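Structural description and commentary
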Amino acid sequence: IVVTLMGMNFLPGSRGQMHPARKPRGFSLVEVAMALGIFAFAMVGLVGLLPIGISSFHKSKVAAAQANILSQRLNEVNQTPFSALVDTSAAPKITKLRFYSEEGVDLGAPGGEKQADALQASDYPAAAVYASSVSINQSLSVPTTLGQGATTDSVLKAIVMITDISSPGRASKFPALISNLRK
């Protein structure tokens, strides 16, 4: 029995006394359990995406470092006089090995002029993650007129090799063409 008096609802108590009806405050156990179930289901999906996100992050970090290293090595080759790059022997000319940090920052070439196969792991800088060398193949005879009177007598093929030191079998090769432009 509910008694309404002046807009307020009253319920009879156990001793026959009347007290105001209360609205429920808070959530019921069923509502809390349902909310936790929905939250847990959503979290399982998000946790499943973590390995994919971490893998993508690692791949993009490696790609950015390799792009930085490639840019540095090709700038180094472009600043070298073309005549110094041309080798009269048929064997490719290989520049000295250089080491780079995880971000692609140049750490130098320890061991002076040692070739890559003469270096030991103890020669590597402590922060080295990548090693890079540039192989310049004999010039290709491709006379070409490039417009505005510029010509090229020869083109060199440079291959920049970037190796992940932690797994030497994982090397990336990036080819580039270098020409001797003159007017």
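This text follows the structure it describes.
Procedures and definitions
- Residues numbered from 1 in each chain as written.
- Predicted model: local features only at pLDDT ≥ 70, side-chain atom pairs only at ≥ 80, totals over all residues.
- Heavy atoms only, no water.
- Helix = DSSP H or I, 4+ residues; strand = E, 2+ residues; numbered from the N terminus.
- Buried < 20%, exposed > 50% of the residue type's maximum accessible area, 1.4 Å probe, protein only.
- Contact = heavy atoms within 4.5 Å.
- Areas by Shrake-Rupley, 256 points an atom, 1.4 Å probe, with all protein chains shown as cover.
- Expected span 1.5 Å × (residues − 1).
- Bend = angle between axes of the 7 residues up to and from the residue.
- Salt bridge = Lys/Arg side-chain N within 4 Å of Asp/Glu carboxyl O.

Here the focus is the overall build of the protein chain. Counting secondary structure elements, the protein chain contains 2 helices and 10 strands. Here the protein chain, with 183 residues, has 21% of them falling under the buried criterion. Sequence separation of at least 24 residues holds for 53% of the intrachain contacts in the protein chain that already meet a minimum separation of 6. In the structure as shown, the protein chain presents an accessible area of about 12800 Å², 63% of it carried by carbon and sulfur atoms.

It is worth spelling out helix 1 (residues 29-79) at this point. Spacing of three or four residues puts side chains on the same side of an α-helix, whose turn is 3.6 residues. A rise of 1.5 Å per residue sets the reference length of helix 1, with its 51 residues, at 75 Å; its end C-alpha atoms lie 74 Å apart and thus fit the reference within 8%. Leucine 50 marks the point of greatest bend in helix 1, at about 30°, and the proline proline 51 comes within the next four residues. Within helix 1, burial applies to Val62, Ala65, Gln66, Ile69, Leu70, Arg73 and Val77.

On to the pattern of salt bridges, then. In total, this model carries 4 salt bridges according to the counting rule given. In this structure, lysine 61 and glutamate 102 form a salt bridge, with 2.7 Å as the shortest nitrogen-oxygen distance. Of this pair, lysine 61 sits in helix 1 while glutamate 102 sits in the loop between strand 5 (98-100) and strand 6 (106-108), placing them 41 residues apart in sequence. For lysine 61, a relative accessible area of 31% gives the class partly exposed. The exposure class assigned to glutamate 102 is partly exposed, which follows from its relative accessible area of 37%. The residue glutamate 76 makes a salt bridge to arginine 73 at a minimum N-O spacing of 3.5 Å. Separated by 3 residues within a single helix, glutamate 76 and arginine 73 lie in helix 1, roughly one turn from each other. Overall, the relative accessible area of 0% leaves arginine 73 in the buried class.

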